[in-house]
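Working through the structure, step by step
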Amino acid sequence: MERNQEEAVPMDEKSNGNFTAANYLSNEGTGRKIVRLKARQLFFAQGSAADSIYYLQAGRAKLTVVSKKGKEATITLLSAGDFMGEEALTSVSATRSATASALVVCAALKITREQMLHMLHEEHAFSKFFLNFMLLRGMRTQADLVDQLFNSSERRLARTLLLMADFGKPGEPVTQIPAVTQEMLAEMIGTTRSRVSFFMNRFRKLGYIEYNGHIRVNRSLLNVVMHDQLPGQNASRPVLLDPPLTKARRANRAREV
């Protein structure tokens, strides 16, 4: 029996009262498929053609950029519920502005550029969901910039650890964060690996984190950051102690007075 035109149209492409963004992003369908990556595998590479967008369903990933001089830097970490590769929506000739790679085993929904644009145009619920994500990402990017400009390296590290543990997102935080090196943390907060090591050891001694191969973030770190109660001694610079006063130094100080 011949199917009519209404039946031939996939349900996820029709505007209907049963549509939800969560259901759409959980399943394969027209123009989208689920991809699974092992740790260190790439979703896409910087400079490659941007013809799709990814929605991270499970796992953790990172975005890195490489400068013209070959220096690599981690710009952000991604968790379940994040989109990546949005530059694909700008034009058919868009290229990737960063490299996205899996930190741990990941599952993501890969959506073609055409399908993504179609859904944004046809489904109000989906376009609202995506717009909300982009606004929140913009706010986080702005907060990251303010953090880099005005906060100490110790406070920036604390904020990064809290973001990685999903404190502030709906639901319970994931206190054990993915494996991340001190070098990567140093890149993200704009300091040296030795300072990161110093701060991590101090956070551990104060009970803010558990750090033994894997990092577990305790709620006490959130409390001290929210109330601006990190220890006053930032240790960004070493404390210099005055050497013992010699007879000549005493004479010079007496003249200055």
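These lines cover the structure that appears in this document, whether it is placed above or below. (Residues numbered from 1 in each chain as written. Predicted model: local features only at pLDDT ≥ 70, side-chain atom pairs only at ≥ 80, totals over all residues. Heavy atoms only, no water.)

Some words on the sheet that holds strand β6 (residues 83–84)
Overall, antiparallel pairing links the four strands, which are arranged β1-β8-β3-β6 in an open sheet. Since the sheet does not close on itself, it has two edges, and those belong to β1 (32–37) and β6, each with one partner. Sheet topology places β1 next to strand β8 (residues 106–112); six bridges connect them, and they run antiparallel. Opposite Arg32, over in β8, you have Ile111 as the bridge partner. Together, β1, β3 (52–58), β6 and β8 form the strand contacts of helix α3 (residues 113–122), whose direction differs from that of β8 by roughly 80°. (Pairing = 2+ DSSP bridges. Helix = DSSP H or I, 4+ residues; strand = E, 2+ residues; numbered from the N terminus. Contact = heavy atoms within 4.5 Å. Axes fitted to C-alpha atoms, helices over the stretch in contact; angles between N-to-C directions.)

Notes on the packing of helix α5 (residues 153–164) against helix α7 (residues 193–205)
Where α5 contacts α7, the two axes come as close as 10 Å, and the packing angle between them is 65°. By the angle class used here, α5 and α7 are roughly perpendicular. Every pair of crossing elements has a handedness; the one defined by α5 and α7 is right-handed. Along the contact surface, α5 presents Ser153, Glu154, Leu157, Ala158 and Leu161, while α7 presents Val196, Phe199, Met200, Arg202 and Phe203. For the contact of α5 with α7, the per-class residue count stands at seven nonpolar, one polar and two charged. (Parallel < 35°, antiparallel > 145°, perpendicular 65-115°, else oblique. Left-handed = near helix turned anticlockwise from the far one by under 90°. Nonpolar A, V, L, I, M, F, W, Y, C, P; charged D, E, K, R; others polar.)

Focus: the pairing of strand β11 (residues 214–217)
Alternating residues of β11 divide into Ile215 and Val217, all buried, and His214 and Arg216, none buried. Pairing between strand β10 (residues 209–212) and β11: four bridges, direction antiparallel. Bridge assignment links Tyr211 to a residue of β11, and that residue is Ile215. The antiparallel pairing of β10 with β11 creates a hairpin that spans one residue between the two strands, and Gly213 there sits at a positive phi of about 85°. (Buried < 20%, exposed > 50% of the residue type's maximum accessible area, 1.4 Å probe, protein only.)

A word on the sheet that holds β10
Read across the sheet, three strands follow the order β9-β11-β10 without closing on themselves; strand pairing throughout is antiparallel. Each having just a single partner strand, β9 (176–177) and β10 make up the two edges of the open sheet. Its contacts with the sheet put α7 on β10 and β11, and the angle it makes with β10 is roughly 120°.

Examining the pattern of salt bridges
One pass over the structure, following the stated rule, counts three salt bridges. For Arg137, the salt bridge is made with Glu86, and the minimal N-O distance between the two is 2.5 Å. Here Glu86 lies in the loop between β6 and β7 (99–102) and Arg137 lies in helix α4 (residues 124–150), a separation of 51 residues in the sequence. With its nearest N and O atoms 4.0 Å apart, the salt bridge here joins Glu87 to Arg96. Each of the two residues, Glu87 as well as Arg96, counts as buried. (Salt bridge = Lys/Arg side-chain N within 4 Å of Asp/Glu carboxyl O.)

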